[in-house]
Structures are given as structure tokens and as C-alpha cells.
Amino acid sequence: MSTSPRTVLITGTSSGIGLAAAVAAARAGWRTVATLRDTSRADALRKAAAEAGVDLDIRRLDVTDEASVTTAVEGVIADYGRLDAVVNNAGAGHLGTLENDAMDDIRKVMEVNFFGVLNVSKAAMAHLRASGGRLITVTSVGGVIGQPFNEAYCAAKFAVEGYMESLAPVARTLGVSVSVVEPGAVATEFVNNIGFDLEAGIDAGPYSGALRRYIDRTVEQFLDGSAQTPGGAAEAVMEALDADRPAFRIQTTDWARGFVGTKLADADGSAVQALTGAWVA
């Protein structure tokens, strides 16, 4: 049996959950390949690794660029000879609604959050088969419950969850475990990177009132301390990496479990509509 360390590749590690997961995996003994689209933004990652006393292999990987994905995955195999796990964490937020959104913007959200996940997963799958490895994707509670003004983002996360839920039993026949990790609100730079001008966005025509109510509710959620830390969310990623038999669907907090549970028990959709409708009414 090989005694070389298990190797994990994690995408989107410049900040937030990806950064915390990379450090946590390295601390747990995984040889960690921490990837990001722009390596000039790796200072926070390097600092966190140094403070934790761990080593990371930091590499460029743009999930929307198939050549970049192939180069990164093949480089890992060339250097280490194995790939035992992939954590799809890279993603992009988007706030808007159908009538006001440009179709190109919706496609960009799908490109990063859905097709980007598939690009990395497809490139890695043969190597995960060889190692009996794990394919883990950080989705969101928004991959289970559609949320106001998050139509494009939730659609992409729904697509990821549907794809992985369908893939899981197929991959399992060849020894690959597939899981999704579903955070709720997480206090990360992600919220600051949704590409939305809050002040300009309030002037959203007939949707302005509902949008203002949604933003006020969301900002309050992040400011009142109920948002989870990236490190807390990363603990769920580590559960998927290290558990003997990880669940397919792993929520990161009790709140997230309750929120997702509302949908899974809501046969006619009325409970979810009542819940999210109150955010904008």
C-alpha cells in the first residue's frame, strides 16, 4: 500500500471557505493543492498557512478555462502521482431579477458555478477512480431553496446539486464518494464580490421596494452575528474529506439543516413560498 500522503485539490482558495478548508486540510495531514484563478491574490492564503504552520502547494486554476483545469490536474498527477479528493469551492454570487438581468450575466453565473464545477470534476474523475477518492462540492442552501433576487445563483446551485445527486450512485459503483456541502450565510468576502452596486441597485424600477426589503433583511443577517465563520463551514468540508462514509448532503449549521429541511418536507411548495415571500413583502 502506498504510504504517500493523500492529495486534495481545492478550488477558490483566495478567501473564505476555500482558504479555511485548504488550511484545515493541510493541518489534518492532507497534501493540499490550493488553487485560485489569480495567484497574485494569494497573500491572505499564504499568511493563513504560515500562521497555522502548514505547507500549501498554491497553483493557478481558472474553473471556466478547460485548458487551465487540465494543466492544473495533470500537474498534480505529474508531481505527486495521485489525486485522492477534489473540493469544488470556487464560485461567484449574483444579485438581480429576470426582467432586469442581462442574459449574458446569467450565463456567466452558470459558467462559474455550474460548468466550472463540471470542468474540474470531469478532469479529475479518472484519477479519483484510481484512488477510490472523493468528489466534494460546496454548494449552498440556495441550491435547495430558491431565494428572492438570487434567481441565477440559485439556478446554478440547483443545477450542481441535481448533477451531483445523479452522479453519486454512478460514481459509487467505481469507488468514488460524491458529497455536497451546503452552507448558509457565511461571513466572507463572497458577499462583497457579487458584482452588485447596492445604491444603484435600489433603483430597480418596479422591483425597488422588494429589493430594498430583501437587502435590509440580508444585511441584518450578516451584521447580527448569525452568519457562520469560514472556519466553521470548512469543518463540514473536512467531514466530507475524512469521514468513513460521508453523507451525500452535509449542511454546515443547525440553521442550515432546518432551512433545507423546510424544502425537503414541502411537497407542494407552500412552506418555502411563505418563508421567502416574507423577505420581500
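Given the structure is predicted, the values throughout are model-derived calculations rather than measurements.

(A) Spotlight on the overall build of the protein chain. Of regular secondary structure, the protein chain possesses ten helices and seven strands. Taking 281 residues into account, the globule formula puts the C-alpha radius of gyration at 19 Å, and the protein chain, at 19 Å, falls close to it. Overall size of the protein chain, expressed as C-alpha extent along the three principal axes, is 60 × 40 × 35 Å. Within the protein chain, contacts between residues at least 6 apart in sequence are counted, and of these 73% link residues at least 24 apart. For the protein chain, the accessible surface area stands at approximately 13300 Å², while carbon and sulfur atoms represent 52% of it. Taking the 24 positively charged and 34 negatively charged side chains of the protein chain as two groups, their mean positions are separated by 6 Å.

(B) View of the sheet that holds strand β2 (residues 31–36). Sheet architecture is open: seven strands sit in the order β3-β2-β1-β4-β5-β6-β7, paired in parallel fashion. Across the chains shown, the open sheet's two edge strands, defined by having one partner strand only, are β3 (57–60) and β7 (249–251). If you compare each strand with its neighbour and ignore which way they point, the axes differ by 20° on average. Examined bridge by bridge, strand β6 (residues 177–182) and β7 share three bridges and lie parallel to one another. Across the sheet, the residue bridging to Val-180 is Arg-249, located in β7. Against the sheet, helix α9 (residues 254–264) engages β6 and β7, with an angle of about 130° to β7.

(C) Region of interest: the nonpolar core. Counting 34 residues, the largest nonpolar core has Val-8, Val-87, Val-237 and Leu-241 as its most contacted members. Looking at this core, the elements that each hand over two or more residues are β1 (7–10), α1 (16–27), β2, α2 (43–52), β4 (85–88), β5 (134–138) and α8 (230–242). The biggest single contributor to this core is α1, with nine residues. Excluding residues within four positions of it along the chain, Val-237 makes contact with Ile-17, Ala-21, Val-87, Ile-136, Val-138 and Val-181.

(D) Fine view of the environment of Ser-4. By the element assignment, Ser-4 lies in the segment before β1. For Ser-4, a relative accessible area of 28% puts it in the partly exposed group. Remark: the alpha-carbon pair of Ser-4 and Phe-158, spanning 154 residues in sequence, is separated by 36 Å. Beyond its immediate sequence surroundings of up to four residues, Ser-4 is in contact with Arg-31 and Arg-82.

(E) Quick look at the pattern of salt bridges. A complete count under the given rule lists ten salt bridges for this structure. Ionic pairing is found between Asp-242 and Arg-6, a salt bridge with its closest N-O pair at 3.4 Å. In this pair, Asp-242 is assigned in helix α8 and Arg-6 in the segment before β1, connecting sequence segments 236 residues apart. Judged by relative accessible area, which is 35%, Asp-242 ranks as partly exposed.

(F) Up close: the pairing of β5. Burial analysis of β5 places five of its five residues in the buried class, the great majority of the element. Taking every second residue as pointing to the same face, both faces of β5 are buried, with Arg-134, Ile-136 and Val-138 on one and Leu-135 and Thr-137 on the other. Taken together, the four bridges between β4 and β5 define a ladder with parallel strand orientation. The residue of β5 that forms the bridge with Val-86 is Leu-135. Tracing the backbone out of β4, into helix α4 (residues 103–131) and back to the parallel element β5 gives a crossover that is right-handed. As paired elements, β5 and β6 share five bridges and run parallel to each other. In the sheet register, Arg-134 faces β6, and the bridge partner there is Ser-177.

(G) Representation of unusual backbone geometry in the model. One non-glycine residue, Phe-149, lies in positive phi territory at about 65°. Mapped onto the secondary structure, Phe-149 falls in the loop between β5 and α5 (151–172).

Cut-offs and rules
Sequence positions are assigned chain by chain, starting from 1 and proceeding in written order. Residues qualify for local features only when their pLDDT is at least 70, as the model is predicted, and side-chain atom pairs are given and counted only at 80 or more; totals for whole chains, interfaces and linings, by contrast, use all residues. To obtain the side-chain values, all non-hydrogen atoms of the structure were used and water was disregarded. Helix and strand definitions here come from DSSP, where helices need a minimum of 4 consecutive H or I residues and strands a minimum of 2 consecutive E residues; each element is numbered from the N-terminal end. When we talk radius of gyration, it's over C-alpha atoms, and the globule rule is simply 2.2 Å times the number of residues to the 0.38. Pairs of residues are marked as contacts when any of their non-hydrogen atoms sit within 4.5 Å. Shrake-Rupley sampling with a 1.4 Å probe provides the accessible areas, and residues are treated as covered by the protein chains on show and by no other component. We treat Lys and Arg as the positive residues and Asp and Glu as the negative residues; His and chain ends play no part in the count. By convention, charge coordinates are those of NZ in Lys, CZ in Arg, CG in Asp, or CD in Glu. Pairing between strands is defined by DSSP: at least two bridges between them are needed. Axis lines are fitted through C-alpha atoms, for helices just across the contact stretch, and the angle between N-to-C directions can take any value from 0 to 180 degrees. Throughout this description, the term nonpolar core refers to a set of buried Ala, Val, Leu, Ile, Met, Phe, Trp, Tyr and Cys residues connected via side-chain atoms within 4.5 Å. Under the scheme applied here, a residue whose accessible area is under 20% of the maximum for its type counts as buried, over 50% as exposed, and between as partly exposed, the area being computed with a 1.4 Å probe on protein chains only. Within this document, salt bridges are pairs made up of a side-chain nitrogen of Lys or Arg and a carboxyl oxygen of Asp or Glu, the two lying within 4 Å of each other. When the strands point away from the viewer and the path from the first strand over the helix to the second turns clockwise, the crossover is right-handed.

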